[in-house]
Amino acid sequence: MNAGPPYNGPEHRGYPKGKDMSELKDRDILDLIGQPVFIADTETHELLYMNQAAMDFFHVKDYQGKTCHQAIHGLEQPCSFCNAAHLEAARPLSGSQFNQRLQCTYQMQEQLVEYQGRKACLEIGFDVIEQKTRQDELESLHALQTEMVKLIQILNSEDSLDLRLQMMLARLGMVLEADRTHLFLMEEGGRSCRTAYEW
């Protein structure tokens with residue numbers, strides 16, 4: 001009977017022994033989140049935790065002993081837009097931030113929590129540029145599908161074949177913002193082609 005792969009629980013991934021198991025489980029859950037998550041002390045700004053997604057997103061190899069403004073923003077002083085002093089336990093804050101070091105904008109949601117007996121700020125990041133790119137891609141795909149439907153409607157109309165092809169080329173030219181569009185026909189043997197229709 002195959003015993004399966006060796007157990008890779010928290011104590012086998014570098015967590016110190018003696019920690020409260022409920023805390024280890026919470027950290028495991030945060031590590032599974034695909035969005036950047038970090039926790040910082042609200043008074044000292046010391047980073048208490050970063051999940052792997054946050055370390056990858058902010059290009060941080062080791063956050064131990066560093067403040068959030070040092071590791072994330074490359075600053076020696078707390079950020080001018082820091083909300084740590086204004087957080088309330090039942091009222092999360094959200095807003096966009098521009099990271100000068102990474103030259104990117106992202107959406108952050110901040111929540112006041114207690115972590116390891118310390119008053120801390122839990123932040124979750126959302127890459128708005130990636131979301132905007134995906135939205136633009138979906139809109140472009142939808143626009144392309146709409147144009148394909150219109151071209152099919154033109155080809156299925158009751159006009160003559162010559163007129164339908166001319167109308168299709170004209171539509172393509174306008175959509176692609178082209179000066180000209182051509183429809184080529186292959187000559188017998190497939191070694192050459194000629195322009196059959198042009199717009």
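See the structure printed just above.
Residues numbered from 1 in each chain as written. Predicted model: local features only at pLDDT ≥ 70, side-chain atom pairs only at ≥ 80, totals over all residues. Heavy atoms only, no water.

Student: I tried to follow the overall build of the chain on my own but got confused; where do I start?
Tutor: Counting its secondary structure elements, the chain contains five helices and seven strands. Each helix and strand of the chain, placed in order from N terminus to C terminus, yields the pattern α-β-β-α-α-β-β-β-α-α-β-β. Excluding contacts between residues fewer than 6 apart, the proportion of contacts in the chain whose partners are at least 24 apart in sequence is 33%. Carbon and sulfur atoms make up 53% of the accessible area of the chain, which amounts to about 13,800 Å² in all. (Helix = DSSP H or I, 4+ residues; strand = E, 2+ residues; numbered from the N terminus. Contact = heavy atoms within 4.5 Å. Areas by Shrake-Rupley, 256 points an atom, 1.4 Å probe, with all protein chains shown as cover.)

Student: Would you take a moment to explain the sheet that holds strand S1 (residues 37-41) for this structure?
Tutor: Two pairing modes exist for strands in a sheet, parallel and antiparallel, and in both the strands are linked by backbone hydrogen bonds. The five strands are arranged S2-S1-S5-S4-S3 in an open sheet whose pairing can be described as antiparallel. Every interior strand has two partners, whereas the edge strands, strand S2 (47-50) and strand S3 (93-99), have only one. Averaged over all neighbouring strand pairs, the angle between strand axes comes to 30 degrees, with direction disregarded. Relative to strand S5 (residues 118-126), strand S4 (residues 104-115) runs antiparallel, the two being bridged by nine bridges. Residue pairing for S5: glutamine 111 is matched across the bridge by leucine 122. (Pairing = 2+ DSSP bridges. Axes fitted to C-alpha atoms, helices over the stretch in contact; angles between N-to-C directions.)

Student: How should I be thinking about the side chain of aspartate 41 in this particular structure?
Tutor: Position of aspartate 41 relative to the elements: it lies in strand S1. Judged by relative accessible area, aspartate 41 falls into the buried class, the value being 8%. Only 2.9 Å separates the side chain of aspartate 41 from the side chain of arginine 118, close enough to count as a polar contact. The residues touching aspartate 41, leaving out its near neighbours within four places in the chain, are Glu46, Leu48, Arg118, Lys119 and Ala120. (Buried < 20%, exposed > 50% of the residue type's maximum accessible area, 1.4 Å probe, protein only. Polar contact = N/O pair within 3.5 Å; in protein donor to acceptor, adjacent residues only side chain to side chain.)

Student: Whenever I open this one, the pairing of S4 confuses me. Can you help?
Tutor: Consecutive side chains along a regular strand alternate between the two faces of the sheet. As defined by bridge partners, S3 adjoins S4 across seven bridges and the pair is classed as antiparallel. Within S4, the residue paired with leucine 93 across the bridge is glutamate 110. Counted along the chain from S3 to the antiparallel partner S4, the turn is four residues long, and its residue glutamine 103 has a positive phi close to 55 degrees. Remark: two residues form the turn of the hairpin made by S4 and S5, two consecutive strands paired antiparallel; glutamine 116 in that turn has positive phi of roughly 55 degrees.

Student: Please clarify how helix H5 (residues 161-176) should be interpreted in this entry.
Tutor: Since the α-helix packs 3.6 residues into each turn, any two residues three or four apart lie on the same face. Compared with the 22 Å implied by 1.5 Å per residue over 16 residues, the 22 Å span of H5 between its first and last C-alpha is a close match. Taken together, the buried positions of H5 are occupied by Arg164, Leu165, Met168, Leu169, Ala170 and Gly173. Once H5 finishes, glutamate 177 follows within two positions and takes phi at roughly 55 degrees, a positive value. (Expected span 1.5 Å × (residues − 1).)

Student: Just to check I follow, could you spell out the environment of aspartate 179 for this structure?
Tutor: Mapped onto the elements, aspartate 179 comes out in the loop between H5 and strand S6 (182-186). Judged by its relative accessible area of 76%, aspartate 179 falls in the exposed class.

Student: Looking at this structure, how should I read the environment of cysteine 193?
Tutor: Here cysteine 193 is to be found in strand S7 (residues 193-198). What makes cysteine 193 partly exposed here is its relative accessible area of 44%. Sequence spacing of cysteine 193 and leucine 183 is ten residues, and the spatial spacing of their C-alpha atoms is 10.0 Å. Each residue touching cysteine 193, except ones within four places of it in the same chain, is listed here: Phe184, Leu185, Met186 and Glu187.

Student: What's the story with unusual backbone geometry in this structure? I'm lost.
Tutor: Both trends apply: most residues other than glycine have a negative phi, and most peptide bonds are in trans. Even without a glycine there, the phi angle at histidine 45 is positive, about 65 degrees. As for its placement among the helices and strands, histidine 45 is situated in the loop between S1 and S2.

Student: What am I meant to see in the packing of aromatic side chains here?
Tutor: A ring pair, where both rings are aromatic, is described by two values, the distance of the centres and the angle of the planes. Scanning the model with the defined rule gives four aromatic pairs in all. Centre to centre, the rings of phenylalanine 38 and phenylalanine 58 are 6.1 Å apart; their planes meet at 80 degrees, and the pair counts as edge-to-face. Placement of the pair is phenylalanine 38 in strand S1 and phenylalanine 58 in the loop between helix H2 (52-57) and helix H3 (68-71), with a sequence separation of 20 residues. For phenylalanine 38, a relative accessible area of 5% gives the class buried. Taking 5.5 Å as the distance between ring centres and 80 degrees as the angle between the ring planes, the aromatic pair formed by phenylalanine 58 and tyrosine 106 counts as edge-to-face. One end of the pair, phenylalanine 58, is in the loop between H2 and H3; the other, tyrosine 106, is in strand S4, and 48 residues separate them in sequence. A network of ring pairs unites the aromatic residues Phe38, Phe57, Phe58 and Tyr106 as a single cluster. (Phe/Tyr/Trp six-rings, centres within 6.5 Å; stacked < 30°, edge-to-face > 60°.)

These figures come from the coordinates and say nothing about function on their own.
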